[in-house]
Amino acid sequence: MTPTTPAPVVAPEQDQDEFSVRRALRSPRRLRTEVLAGLVVALALIPEAIAFSIIAGVDPRVGLFASFTMAVTISIVGGRRAMISAATGAIALVIAPLNREYGLDYLIAAVILGGLLQIVLSAVGVAKLMRFVPRSVMVGFVNALAILIFTSQLPYLIGVPWLVYPLVALGIGIIVTMPRLTTVVPGPLVAIVVITVLAVLLAIQVPTVGDQGELPDSLPAWFVPDVPWTLETLQVIAPYAVGLALVGLLESLLTAKLVDDVTDSHSPKTREARGQGIANVVTGFFGGMGGCAMIGQTMINVKVSGARTRISTFLAGVFLLLLVVGLGDVVAIIPMPALVAVMIMVSVGTMDWHSIHPATLRRMPLSATTIMVTTVAVTVYTHNLAYGVGLGVIVAMIFFARRVAHFTEVVDVDHPDDDTRVYAVRGALFFASSNDLVYQFDYAGDPQNVIIDLSESQIYDSSTVASLDAIELKYRQKGTNVFIVGLNEASQGWHGRLTGQLGAGH
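Residues numbered from 1 in each chain as written. Predicted model: local features only at pLDDT ≥ 70, side-chain atom pairs only at ≥ 80, totals over all residues. Heavy atoms only, no water.

## Some details on the environment of Thr 375
Heads up, the condition is: Secondary structure elements follow DSSP: runs of H or I of four or more residues count as helices, runs of E of two or more count as strands, with numbering from the N terminus. Note on exposure labels: buried denotes an accessible area under 20% of the residue type's maximum, exposed denotes more than 50%, and partly exposed covers the range between, all computed with a 1.4 Å probe on protein chains only. Contacts are assigned to residue pairs with any non-hydrogen atoms lying within 4.5 Å of each other.
The topology assignment puts Thr 375 in helix H16 (residues 366-382). Using a relative accessible area of 0% as the deciding quantity, one classes Thr 375 as buried. Ignoring any residue separated from it by four or fewer positions in sequence, one finds Thr 375 in contact with Val 137, Gly 140, Phe 141, Gly 388, Val 389 and Gly 392.

The following block contains the structure:
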């Protein structure tokens, strides 16, 4: 009888993976999807990169070259396939003050240092902190992004020629109806082509990509920032580098988690964090302004165009460079209404409409809704996802602490004899629950001996040890003997090491 050979275990990135690069290159249908998705994303990146360059106060080529180098580099070293990284508004806001005060060379130095910090943070496991981001914060993050994507298009819809509005409506109509007709060509690409042809043939005067800023006519070159390599320089750029590193990682890891959900797949977050750092270092040395994951373009790539591999991300960067350098004159005539239509539909597709449906809001606990609304409100108000997500997590922690604190109880469980009383403490003991622990005993009415049984509880911090010391002190002042029993190994570690050392009662 021939023994059965076990099937080999296949790593996610190997050839057998449905969405590996090798597999995609062998599938004409998948390859076509990836190529067209990359082209659509590249077209959408151009005005965004120019706009973010303006926010940062730098020449448009700085943002465009950053988008090229970020996309190409992250497609090779990143952890989340099909996710788009490029110059972003969040990074532009972080580094803009540095550029205004010290100039481009200091900005580039901060980008390189920020990238190095991201590599270090990835090595110490910062990606694992994503597990502490609650679902309500993630929903708020997604909804805030949808609102920001939409509001970022308002400048192109206010105070513009009236012909902009029918062109935007036409673009939305094409994007909505194209999937019902064919999925061979992405709807956004068709909308861009049709509106551009119409505007040229009918000589329609509307804002174009060329109006947003001058497109570069040369390739990016190696760039070493001309700054003094001194401690004083480090003191200037370090705060901005830290901000860039933290904001970039937060946006990128949250976006990666969102793409995981959309594609029903998993990605190595530590590799993604490290890849973001490498991409920013590379971008800095090519004179780019730095960047991170872009939710809008990622949704165009993954959700609208159906891309799933690194090919689309790589080609988005390559197409971007080819378009702005080789076909700059053609790209410059693309009407902004076409790209506005694409971004509006991305906004609609990004919003979690179920989360704001009245029926959902009625069913959800008030705490979950408060967390989501807080995240959305702060993000939209500050235009900074780091602030919104950070405050959302803090609010979630407060609600969690309050909820867990109420799970702790002290129960009178036994009276072995007239001189002994046994209390059982149940639940998690930490600062929020143990601060009230001292008030749950009958110091004046208890007999000579009191046993406090902690076998159904767990000590988590020094606040609990201090509370137990305070309880023992109060009983001793009444002449009562106290015995704390039932400590598990972890609780004994806290209690044995800290009891009597925290100044309880002083």
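## Observations regarding the packing of helix H3 (residues 60-77) against helix H12 (residues 310-326)
In plain terms, the rule: Lines fitted to C-alpha atoms define the axes, with helix axes restricted to the stretch in contact, and inter-axis angles between N-to-C directions lie between 0 and 180 degrees. We call two directions roughly parallel when the angle between them is under 35 degrees, roughly antiparallel when it is over 145, roughly perpendicular when it lies between 65 and 115, and oblique otherwise. We call a crossing left-handed when the near helix sits turned anticlockwise from the far one by less than a right angle, and right-handed when that turn is clockwise. Note that Gly is not counted as nonpolar here; it falls among the polar residues with everything else outside the nonpolar set of Ala, Val, Leu, Ile, Met, Phe, Trp, Tyr, Cys and Pro and the charged set of Asp, Glu, Lys and Arg.
Packing of H3 against H12 leaves a shortest axis separation of 8 Å and a crossing angle of 155°. What the angle tells us is that H3 and H12 run roughly antiparallel. Seen along the crossing, H3 lies across H12 with a hand that is left-handed. Here Leu 64, Phe 65, Ser 67, Phe 68, Ala 71, Val 72, Ile 74, Ser 75 and Ile 76 of H3 come into contact with H12, specifically with Arg 310, Thr 313, Phe 314, Gly 317, Val 318, Leu 320, Leu 321 and Val 324. Considering only residue class, the contact of H3 with H12 consists of twelve nonpolar, four polar and one charged.

## Quick look at the packing of helix H9 (residues 231-263) against helix H11 (residues 295-304)
At a minimum axis separation of 11 Å, H9 and H11 run at an interaxial angle of 20°. Between H9 and H11, the interaxial angle falls into the category roughly parallel. The interaxial crossing formed by H9 with H11 has right-handed handedness. Side by side, H9 and H11 meet where Thr 255, Leu 258, Val 259, Val 262 and Thr 263 of the first sit next to Ile 295, Thr 298, Met 299, Val 302 and Lys 303 of the second.

## Let's talk about the sheet that holds strand E3 (residues 409-414)
For clarity, the cut-off: Strands were regarded as paired on the criterion that DSSP finds at least two bridges between them.
With respect to topology, four strands assemble into an open sheet ordered E3-E4-E5-E6, the strand pairing being mixed. With partners counted over all chains shown, the strands left at the sheet margins are E3 and strand E6 (481-485), one partner each. Each neighbouring strand pair of the sheet contributes to a mean axis angle of 25°, computed without reference to strand direction. Pairing analysis gives five bridges linking strand E5 (residues 449-459) to E6, with the strands arranged parallel. By the bridge assignment, Ile 451 is partnered in E6 with Phe 483.

## Considering the nonpolar core
Using the following cut-off: Among buried residues, those of type Ala, Val, Leu, Ile, Met, Phe, Trp, Tyr and Cys that are joined through side-chain atoms within 4.5 Å constitute a nonpolar core.
Counting 99 residues, the largest nonpolar core has Ile 46, Leu 64, Phe 141, Met 289, Ile 300 and Leu 320 as the members making the most contacts within it. Sorting elements by how many residues they give to this core places helix H2 (residues 28-56) first, with twelve residues. Setting aside chain neighbours within four positions, we find Ile 300 in contact with Val 40, Val 41, Ala 44, Ser 305, Val 342, Met 343 and Val 346. Tyr 423, Ile 459, Val 465 and Ala 470 belong to the second-largest nonpolar core, a separate cluster that totals 20 residues.

## Some remarks on the packing of aromatic side chains
Here is the rule: Ring pairs are drawn from Phe, Tyr and Trp, using the six-membered ring of Trp, whenever the two centres fall within 6.5 Å, and their geometry is named by plane angle: stacked under 30 degrees, edge-to-face over 60, tilted for the rest. For a Lys NZ or an Arg CZ to count as sitting over a ring, it must be within 6 Å of the ring centre and within 35 degrees of the ring normal.
This model, assessed by the stated rule, comprises eight aromatic pairs. Measuring from ring centre to ring centre gives 6.4 Å for Phe 441 and Tyr 443, while their planes differ by 45°; the resulting arrangement is tilted. Accessibility classification places Phe 441 together with Tyr 443 in one group, the buried group. With 4.7 Å between their ring centres and 55° between their planes, Tyr 443 and Tyr 475 make a pair best called tilted. In this pair, Tyr 443 sits in the loop between helix H18 (431-434) and E5 while Tyr 475 sits in helix H19 (residues 462-477), placing the two residues 32 residues apart along the sequence. Each of the two residues, Tyr 443 as well as Tyr 475, counts as buried. Each member of the aromatic cluster is reached from another via a ring pair, and the members are Tyr 423, Phe 441, Tyr 443 and Tyr 475. The ring of Trp 494 has Arg 497 lying over it, and the distance from NZ or CZ to the ring centre is 5.5 Å.

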